[in-house]
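Okay, here's what each chain looks like letter by letter:
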Amino acid sequence: MATLVSHPDEARVISKRFGQGATDIERYLQLDGYKAVQKALAMQPDDIINEVKNSGLRGRGGAGFSTGMKWSFVPKQSAKPKYVLCNGDESEPGTCKDRLIFEHDPHGVIEGAMIAALAVGSHTAYIYIRGEYRYLSVIMQKAIKDAYAKGFLGKNIFGSGYDLDVYWHGGAGAYEVGEESALMESLEGKRGIPRIRPPFPAVVGLWGGPTVINNAETLAAVPHIILGGADWYAKLGTPKNGGTRMFCLAGHLNKPGVYELPMGYNLKKMIYEVGGGIPNGRSLKAVVPGGSSTPILLPEEIDIPMDFDSVAKAGSMLGSGGVVVLDDTTCIVKFALRTIKFYQHESCGWCIPCREGTDWLKKTLTRFHAGAGVTKDIDNIYYLAENMLGKTFCPLGDAAAMPTMAFVKKFRKEFEDHLDGKPCPFEKTGTAVPVMA
Amino acid sequence: MKFSDEFEARFTEMLTHYPTRRSALVPTLLYAQDEVGNLSDEVIAELAQRLDLTELEVRNVISYYSMLTTKPRGKYNVQVCTNIACMLRGGEELLGHCKKKLGIGHKGTTPDGLFSLEEVECIGACSWAPAAQVNYDFHENLTSAKMDQILDEYKKKGTQ
Amino acid sequence: MGIEVPSFCYYPGLSLQGACRMCVVKIEKMPKLQTACTTTVTEGMIVATDSDEVRQARKAMVELLLGNHPLDCPVCDAGGECELQDMTFSYGAAESKYMEAKNHKEEQQWSPVVYFDRPRCILCYRCVRVCGEGMDVWALGVQNRGVSSIIAPNESDHLDCEECGMCIDICPVGALTSGAYRYKTRPWEMNHVGTICTHCGDGCKTTLGVRRCDTGAEIVRGDNRDKSGINNDFLCVKGRYAFDFAHHKERLTEPLVRKNGKLTPATWEEAFELIGKRLREVRDQDGGSAIGVIGSNRTTNEENYLLSKFARSVLKTNNVDHHRTADYPALAAALHGKPGKTASMRDVLNAPAILLIGNDPTNQHPLLAWQIRTNVRLRRAKLYVINAAPIKLRRQAAGFALVPAGAETKAVAFLAGDDSMLDQFVSETVTREAWLALREKIRGEQNMVIAFGSELRGHDIEALVNFASSLTGAKLISLGDYANSRGASEMGLYPDLLPGYEPVASADKFQKEWDSLPAETGLSLPQMAEAAKAGKLKALYVVGSNPIGRLGIDPFVFSKSFVVVQDMFLTETANIADVVLPAANAYEKTGTYTNTCGDLQLVKKAGEVSNTKPDFEMIVRIADAMGSDVSGLVPFGSGTHSDMGQTRGAQSGEADRHAVWLEAHNLEPKMTPFDPMAILDEIQRVVSGYDVSRVNLLAGNDQHLEIAESGASSIQPPELIVPAHDDLFSSGTLGRYSKTLNSVFENKTAVPEVAAD
Ligand SMILES: Cc1cc2nc3c(=O)[nH]c(=O)nc-3n(C[C@H](O)[C@H](O)[C@H](O)COP(=O)(O)O)c2cc1C
Ligand code: SF4
Ligand code: FES
């Protein structure tokens, strides 16, 4: 079970019930549980959608798309059943927040999914949890069972006349399955190959029915928005970036951990104050701001508010909230290699640029880091990444290409230092950092 | 082919969750693997038949997911994360340490069948890096010494 | 618009993949390049299919592919026909950016005919789709992921499938290669001849790759790359590989004459002289009725017509028959006065509904099955199946009714409104309500194609035609076996029917055309055997048929008859012959075939085995050896003008009908009696339904013919129809001598059948 941390700057909305035993349905009810869904039952679907729209809630899965907007794309009338699908496949390196939500507040996710279902007129929701999170599946299965036992789920929920089923579903190890269309394939019992879009899931999704897909954190925020109101939620963050966000601080930090901070919280402050700064007297080399697929930022680039638009302006992405901090002992070539190794391993293999591109990047970087690089490799690495960018079947190829281009652009000198058979200037990158209590 | 009552109960219930039978495939495969140890030809044939699929289709799916295996593994599958957050905090050294201690490499199994070792991608423990999973149990903020202790405990449990 | 957008994974008729990213185009107002294959064109969309950005993207794709692709083009079977090679030329990715070793993997043999070379595979998934979506076999899958992704066969290291080879054909590179062709030659070293498959009654067009060899010209490859003809790119295992019987070592290459009880090699002259002498003796001494003639389902229309004519006008016998596998005469009779009621093979692809009664097209009519599946898949046609077995096509069926064996005819009566048998049909799987609902649906269909097997014969066919006539626009197909069974039937290989189903009894037209012919009905094949047994059949002339082997006729009944057999192999029938003539097969001659639907197509000479002769030439030579006037048999030479028709029985003083006809059709008289086109001229002139466009025929196009309906209700004894029961891996005598078919078949039986679906 993951350790919880805290910091005075935190604004606890989603993590409000963390560490309070809210997996127990009775305890959850004491902590205002299932009030939001009852409130939503009394609202018009469009009003729910508007409330979520006005809250400025943007998808926490990575792309930051307006959640209320996404819901509004679902057709009102549909011959096929509509579905809500909670994306709990959390696999982006650097990201470990959905795990805490499932562990401490499973009912919060269920309630969020229920409200989403009410908003779009769906009667079935699935909560997809990655296979490695088996213990969370157990927690979730119990939570769902308890909710059914109380009559919160199933036929005629809360005596409202509305039928709503929520099921859990487990994965079996595949990052690509986190991509929304591959997620649906996986749920349908197939290989996690993304689907051709359009049609978009909101129109043709699971088993051909309109489907809303949201990240677990996104859905967990929804009950709070319904209860607390759109204005309150929006004001927690910055304009167009409502609310709070679970930031997963990792890497070379004194106090790594998952902190819930307001949207727009300053990145530098996040590293030095919330995260406790760089250990062992080392200095900061670079920061990955939003999970391994987001381009790396240099120390001089980190005095920025952490919201979707500001990070984009700084040339990177807020992504999934995984902030990974690198100190000056880190070899960027090694770091790039490890990042690419991941995407090479996780590429579904469907399209040429992603399948072949990640493999050649990995091969070239492996040789390069081993000291057998030649000058033209540096440009080749960039060329490869550039030719993948925007040309792959799904954004996994971009996720591999974007950070790679940034590594080469921002650390060309370090690549050059690896040339001519010179040993890696950083003999090792991993430092067993004493963990602060 | 015989599975446990618990498996059968879950399987029967799962089929009611979806409009198509094959939708239950991925989680079912993982649960079957947990019981049998690996997805043997027999398991594949059985599940294919139960879910109205060809064995080829089942194999296509199995080979896609990295947690699924058709080959037997050790009783305790030690999965060490070396992805970026863990790497920065000594994940690779930890993997190296496990290799030495267990005397096996990536995807290897000890001769007594107790342990197998795997280098894995991010397991969602980045803020508590370096981390490893033994079967489904998370072990976090690891050091070599802590890892030794953990492995010893499993060894004790496994040989009792 | 004629703009070509490159692609690997796109394939017409198969599902979209968007996987190869070669077809990227620039669309205005879209930030990223888009794949053309998955983009629906909308009004006002501005698309650039070629620009620096687009070219660079495509070039990068080719570079990436070549990074791991072996550059073994010089030894690759696909060399010269490789889409990756073509792309490399177009987008110039000659320089390799990568220094690492390529992934190597040994080639695998998945079946006697399918080889897989993994490193060459570019993962376009065409094979997976054509096998699954196209063939409904689903024997190929994709395993692993990322760069380890690999195409995998259904039985872990080999294939259990229909062996159609569509996967090989559709593979854009040399990853899937054919066991029959690999390493034999290169595309540019072959001659390519477009002709028709010799196996089943569907008449697929095929392009044969032919190479010179010691004994003539060897066929080394069969495919339909140019997608012409009724079958588009489809061929089944037989069409694609089973041409190898032509070069089987047991192929007869010299005439054999029985001397001292043993078949002994002889010269052609010796053989023809002997045959001519003996046949003339029998005819002149015992009368034509002492001679029997058995024709073939695999010889051309011209040969069949010639044989029919030779038998009646030279041998003076109506004892003419062939191995009947479908009751075409009954259909012709039932359709009297109902023109336009037969469907072509192309109709099957476009009909909004198809009713299949009996037969198992997957095995017996592979192309028909393909057409049905394609139509159901791409055009949502409704398929209804009534069958005594759970045939594979039921998986495409909107309605499937299992009937007791032999009850197909009752099912027809039920469809027509007779409910008396309904109770017998009701079963656990098909309830009373389901039957009634099925009937309602079938009756409601418009422009339906009704294909029926040999389960329906004689009056059953009449009943079916009557039912079909009660529907709007329904058309029929009678399913017979072998490549030219319909042709054999229409060219009059019957004891009581002449070409065009003209009854012998009222044969005024042919009395005129053929000078004279015996008036009384002849003997059917079993009757000939009876007559021989009774010592009344003194001679038997068998052309390309094996009644002893295929129909189980006792060989000893012919021990006192003089037997002449023309064939490729020493079949059971050839074995008892007094003279055996080595025949050329349909891949080695020219003529026309009529498929089971009535689509006429041109057969062209591709291969050659020296010292064999086409049946056509042999018939003419025998007529000549009998002292008969060859120009009366084959209308050739300028004599057709000068003799004013005397030799062809024109009334004295009347102008030569044939010459007049030729002139009217802008045709020249043919110069040699061995030219089958000369007989085609006559067929076109005299056989109803066969007056086709010559230009179209010569261009290699198919033409659907009306069934020649003479109006005579010739109901044939049903027991004379003996279906071949061939399946995908057997093909009568030809199949027995096809090494590839045999190896595929043995491979099948060696593998335990996995419980299918
Ligand atoms: C390769 C790839 C992996 C992804 N993995 C995840 C994931 O693990 N969890 C997640 O919530 N979203 C993931 N996403 C984003 C989803 O596609 C989708 O945008 C998201 O679930 C939508 O939810 P949201 O709008 O609430 O963010 C991934 C996207 C890509 C391209
Ligand atoms: S379907 Fe019939 S005609 Fe076509 S290739 Fe096969 S055997 Fe030949
Ligand atoms: S990087 Fe190791 S758990 Fe995320």
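Just so it is clear, the structure is predicted and the values come from calculations on it, not from any experiment. (Residues numbered from 1 in each chain as written. Chains lettered and ligands numbered in written order. Predicted model: local features only at pLDDT ≥ 70, side-chain atom pairs only at ≥ 80, totals over all residues. Heavy atoms only, no water.)

Participant: How do you make sense of the overall build of chain B when you look at a structure like this?
Facilitator: Across its full length, chain B holds 7 helices and 4 strands. C-alpha atoms of chain B, sized along the principal axes, occupy 50 × 35 × 25 Å. Look at the contacts in chain B between residues 6 or more apart in sequence, and 62% of them connect residues 24 or more apart. Averaged over its 18 positive side-chain charges, chain B has a centre that lies 4 Å from the centre of its 23 negative ones. (Helix = DSSP H or I, 4+ residues; strand = E, 2+ residues; numbered from the N terminus. Contact = heavy atoms within 4.5 Å. Lys, Arg positive; Asp, Glu negative; His and termini not counted. Charge placed at Lys NZ, Arg CZ, Asp CG, Glu CD.)

Participant: So what exactly am I meant to see when it comes to the overall build of chain C here?
Facilitator: A count of helical and extended segments in chain C gives 28 helices and 29 strands. Taken over the C-alpha atoms alone, chain C extends approximately 90 × 65 × 55 Å along its principal axes. The long-range fraction of contacts in chain C, counting pairs at least 24 apart against all pairs at least 6 apart in sequence, stands at 70%. As displayed, chain C has an accessible area near 28,000 Å², and 52% of this comes from carbon and sulfur atoms. Both charge centroids of chain C, one from 79 positive and one from 96 negative side chains, sit 3 Å from each other. (Areas by Shrake-Rupley, 256 points an atom, 1.4 Å probe, with all protein chains shown as cover.)

Participant: Is there a simple way to explain the interface of chain C and chain B in this structure?
Facilitator: It is common to report an interface's size as the accessible area lost on association of the parts. With 12 residues of chain C in contact, the opposing surface of chain B contributes 8 residues. Surface buried jointly by chain C and chain B totals about 740 Å² across both partners, of which 52% is contributed by carbon and sulfur atoms. Sorting the residues of chain C by area buried against chain B places Q143, N144 and R145 of chain C first, and these three jointly supply 56% of that buried surface. The tally of links from chain C across to chain B stands at 0 salt bridges. (Buried area = accessible area lost by both parts, 1.4 Å probe. Salt bridge = Lys/Arg side-chain N within 4 Å of Asp/Glu carboxyl O.)

Participant: Hey, could you run me through the site of ligand 1 in this one?
Facilitator: Residues and elements named next belong to chain A. Surrounding ligand 1, one finds 20 residues, the nearest of these being G61, K70, N87, N215 and T218. The separation between an oxygen atom of ligand 1 and a polar side-chain atom of N87 is 2.9 Å. Alone, ligand 1 offers 600 Å² of accessible surface; in the complex the protein occludes 90% of this. When residues of the shell around ligand 1 are assigned to their parent elements, the largest contribution, 3 residues, is made by strand β4 (residues 211-215). (Near = heavy atom within 4 Å. Polar contact = N/O pair within 3.5 Å; in protein donor to acceptor, adjacent residues only side chain to side chain.)

Participant: What's the story with the interface of chain A and chain B in this structure? I'm lost.
Facilitator: Residue-level contacts link 70 residues of chain A with 48 residues of chain B. Both faces considered, chain A and chain B share a buried interface measuring about 4,700 Å² in area, 57% of it formed by carbon and sulfur atoms. The three residues of chain A that bury the most area against chain B are R134, A172 and R338 of chain A, which together make up 15% of that side's buried surface. A salt bridge links R134 of chain A to D34 of chain B, with the shortest nitrogen-to-oxygen separation between them at 2.8 Å. For the interface between chain A and chain B, the tally reads 28 residue pairs in polar contact (both at pLDDT 80 or more). Breaking the side of chain A that touches chain B down by element, the ones donating at least two residues are α5 (97-104), α7 (134-149), β3 (165-170), α8 (180-187), β5 (244-251), β6 (257-262), β10 (322-327) and α13 (332-346) of chain A. No other element matches α13 of chain A, which puts 8 residues into the side of chain A that touches chain B. By residue class, the composition of the side of chain A that touches chain B is 33 nonpolar, 23 polar and 14 charged. (Nonpolar A, V, L, I, M, F, W, Y, C, P; charged D, E, K, R; others polar.)

Participant: I keep staring at the sheet that holds strand β15 (residues 320-321) of chain C and nothing clicks. Help me out?
Facilitator: Whether parallel or antiparallel, the strands of a sheet pair through hydrogen bonds between backbone atoms. Residues and elements named next belong to chain C. Pairing in this open sheet of 7 strands is mixed, and the strands run β13-β12-β25-β24-β23-β14-β15 from one edge to the other. Whereas interior strands pair on both sides, the edge strands pair on one side only; in this sheet they are β13 (262-265) and β15. Along the sheet, helix α6 (residues 268-286) makes contact with β12 (256-259), β14 (291-294), β23 (539-543), β24 (562-567) and β25 (579-582), crossing β25 at roughly 130 degrees. Contacts from helix α21 (residues 615-625) reach β23, β24 and β25, with the element oriented near 150 degrees to β24. (Pairing = 2+ DSSP bridges. Axes fitted to C-alpha atoms, helices over the stretch in contact; angles between N-to-C directions.)

Participant: Would you mind showing me how to read the site of ligand 2 here?
Facilitator: Around ligand 2, the neighbouring residues are C197, H199, C200, G203, C204, F234, L235, C236, K238, G239, P366 and L367 of chain C. Grouping the amino acids of the shell around ligand 2 by side-chain chemistry returns 8 nonpolar, 3 polar and 1 charged.

Participant: Please explain the side chain of S55 of chain A as it appears in this structure.
Facilitator: Residues and elements named next belong to chain A. Position of S55 relative to the elements: it lies in the loop between α3 (45-54) and α4 (67-72). Taking the relative accessible area as the measure of exposure, S55 reaches 0% and is therefore buried. Excluding anything up to four places from it in sequence, S55 contacts I225, A230, Y233, A234 and G242. (Buried < 20%, exposed > 50% of the residue type's maximum accessible area, 1.4 Å probe, protein only.)

Participant: Hey, could you run me through the packing of aromatic side chains in this one?
Facilitator: Summed over the entire model, instances satisfying the criterion amount to 36 aromatic pairs over all chains. Seen in terms of ring centroids, W207 of chain A and Y18 of chain B are 6.3 Å apart; in terms of plane orientation they differ by 55 degrees. Their pairing is tilted. Of this pair, W207 of chain A sits in the loop between α8 and β4 while Y18 of chain B sits in the loop between α1 (5-15) and α2 (25-36), on two different chains. With a relative accessible area of 16%, W207 of chain A lands in the buried category. One aromatic cluster is present, built from ring pairs that chain together Y83, Y126, Y167 and W207 of chain A together with Y18 of chain B. If you follow R10 of chain B out to its NZ or CZ, it ends over the ring of Y31 of chain B, 3.8 Å from the centre. Across from the ring centre of F11 of chain B, 5.0 Å away, lies the NZ or CZ of R50 of chain B, which sits over that ring. (Phe/Tyr/Trp six-rings, centres within 6.5 Å; stacked < 30°, edge-to-face > 60°. Lys NZ or Arg CZ within 6 Å of the ring centre and 35° of its normal.)

Participant: I keep staring at the domain arrangement of chain B and nothing clicks. Help me out?
Facilitator: Per the domain assignment, the segments of chain B are domain 1 (5-64) and domain 2 (76-158). For domain 1 of chain B versus domain 2 of chain B, the separation of C-alpha centres amounts to 28 Å. (Domains from an automatic or database assignment.)

Participant: Quick question: what am I supposed to make of the nonpolar core here?
Facilitator: It is characteristic of soluble globular proteins that their nonpolar side chains tend to be buried jointly. With 268 residues, the main nonpolar core has W71, I110, I296 and F415 of chain A together with F8 and I151 of chain C as its most contacted residues. Looking at this core, the element that brings in the most residues is helix α6 (residues 106-120) of chain A, giving 10 residues. Beyond its immediate chain neighbours, meaning those up to four positions away, I151 of chain C contacts W110, F116, C121, L123, Y125, C127, V128, L140, G141 and V142 of chain C. In terms of nonpolar packing, the next biggest core, distinct from the first, is built from 59 residues, V293, L517, L600 and V630 of chain C among them. (Core = buried A, V, L, I, M, F, W, Y, C linked by side-chain atoms within 4.5 Å.)

Participant: Please clarify how the packing of α3 of chain A against α6 of chain A should be interpreted in this entry.
Facilitator: Describing two packed helices takes the angle between their axes plus the distance from one axis to the other. Residue and element names in this part refer to chain A. One way to put it is that α3 packs onto α6 with a least axis distance of 7 Å and a crossing angle of 125 degrees. With respect to α6, the element α3 is oriented oblique. The chirality of how α3 crosses α6 is left-handed. From α3, P45, I48 and I49 reach across to α6, where they touch I115, L118 and A119. Residue composition of the contact of α3 with α6, grouped by class: 6 nonpolar, no polar and no charged. (Parallel < 35°, antiparallel > 145°, perpendicular 65-115°, else oblique. Left-handed = near helix turned anticlockwise from the far one by under 90°.)

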